[in-house]
Amino acid sequence: MSAGVNIASKETQREAERLFKILGGLTDFKKGTKYDMAFCLSAASITLEINRLKKQKNAVILAHYYSAPDIVYAVADYRGDSYALSKTAAKVMENIIIFSGVYFMAETAKIINPRKRVFLPAVFAGCSLADSISAAQVKELRVKYPLADFICYINSTAEVKAECDVCVTSANVYDIVAGSKAKQIVFLPDVFMADNIRVEMLKRGIDKEIFSFGGTCCVHDKYAAQDVNAIRSKYPQAKVVCHPECALPVCQLCDYVGSTGGMLKYVRESSARQFAVLSEDGIINCMEYENPSKQFPRVSRTCAQMKRNNLHNILAALRNLPHEAEVKVEDAAAKGAKKAIDKMFERGA
Ligand code: 13P
Ligand code: SF4
């Protein structure tokens, strides 16, 4: 009995050391300090159990980069931005997908790979963009703009996707809009990203009329142009980087504007040493992980819905496969949404 306890505690100790190697240089935004050994010791028995249960249940974990790094780097099998994860979801062979993200992401995985059981540990985690427009509103817009190509951001519900022609993510939006045969585009539901699309089309010399309805991301819409000016005075050496869900005047003041994957690439490939990133905390953790010698003064914000995923509810989802965490998509919506998503894969890079 005592030998068993010793073996278990040695295994936990080894796991805590593994976790500390991964997390030691990263910021724990809940505390504002770096992850420490005490955190790793408390997480070790949970990550061990998650990694054991994944094999036993033939499950994989997909984690959006905005998830906390103890998920992204210690238990996830695949990590990425929403475009990369949607491509990954299509190829999953295992029976169960545990999705660390928000509802529209897990729902997209289910639509793309319907034979898999998909669970969202942060049950019904919402997104201010996906919640900003309904399928009924899109139908009304269709009547108003009969000639337009209806392009929806992946941050939308299955019902909204089903009413649109093609889906996009921040990684492929400009190329898909540019490649549309229609002169009129109705872009839903991110009105700030639509402003960025208008500017990009002008830059490319492409004549499009862009209409947009819906809302904004409640994380990225908090930044204002004066924040960028204040950041530049405080960190004159820093490259200032943001996501195109930020307002146009913010984007126009930044050194780089791009998708989550695009920002990671920019930071990885830049010779600059310091980056002020106007986006979600999780991406800063990924940047810290990939670029231990670069500095990231904190200007990021927290997406509270993304951060509802944690090691505890991931373990519970794997262990119990709870009904309330399982993603179900009604057939008609799934069929319509799949068409829009498949068109993205056809038309996008
Ligand atoms: P990405 O498409 O860049 O992964 O962004 C998803 C998201 O929710 C951004 O706020
Ligand atoms: Fe939605 Fe914004 Fe959170 Fe992304 S960061 S999931 S767009 S609320």
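Residues numbered from 1 in each chain as written. Chains lettered and ligands numbered in written order. Predicted model: local features only at pLDDT ≥ 70, side-chain atom pairs only at ≥ 80, totals over all residues. Heavy atoms only, no water.

(A) Representation of the site of ligand 1. Lining the immediate surroundings of ligand 1 are H64, Y66, D81, S82, M105, N155, S170, H220, H243, E245 and T260. Here S82 contributes a side-chain N or O atom positioned 2.5 Å from an oxygen atom of ligand 1. A distance of 2.6 Å separates an oxygen atom of ligand 1 from a polar atom in the side chain of T260. In the complex, 95% of the free accessible area of ligand 1, which totals 300 Å², lies under the protein chains. Of the residues in the shell around ligand 1, the class split is 2 nonpolar, 7 polar and 2 charged. (Near = heavy atom within 4 Å. Polar contact = N/O pair within 3.5 Å; in protein donor to acceptor, adjacent residues only side chain to side chain. Areas by Shrake-Rupley, 256 points an atom, 1.4 Å probe, with all protein chains shown as cover. Nonpolar A, V, L, I, M, F, W, Y, C, P; charged D, E, K, R; others polar.)

(B) Representation of the site of ligand 2. The local shell around ligand 2 consists of Y66, V102, C127, S128, L129, N155, C217, C218, V219, E245 and C303. Considering only residue class, the shell around ligand 2 consists of 8 nonpolar, 2 polar and 1 charged.

(C) Geometry of the side chain of N172. Mapping N172 onto the fold places it in the loop between β8 (166-168) and α8 (173-179). Contact partners of N172, with chain neighbours within four places excluded, come to Y83 and M344. (Helix = DSSP H or I, 4+ residues; strand = E, 2+ residues; numbered from the N terminus. Contact = heavy atoms within 4.5 Å.)

(D) View of the environment of A182. Tracing the backbone shows A182 in the loop between α8 and β9 (184-188). When the C-alpha atoms of A182 and E209 are compared, they prove to be 9.2 Å apart, with 27 residues separating the residues in sequence.

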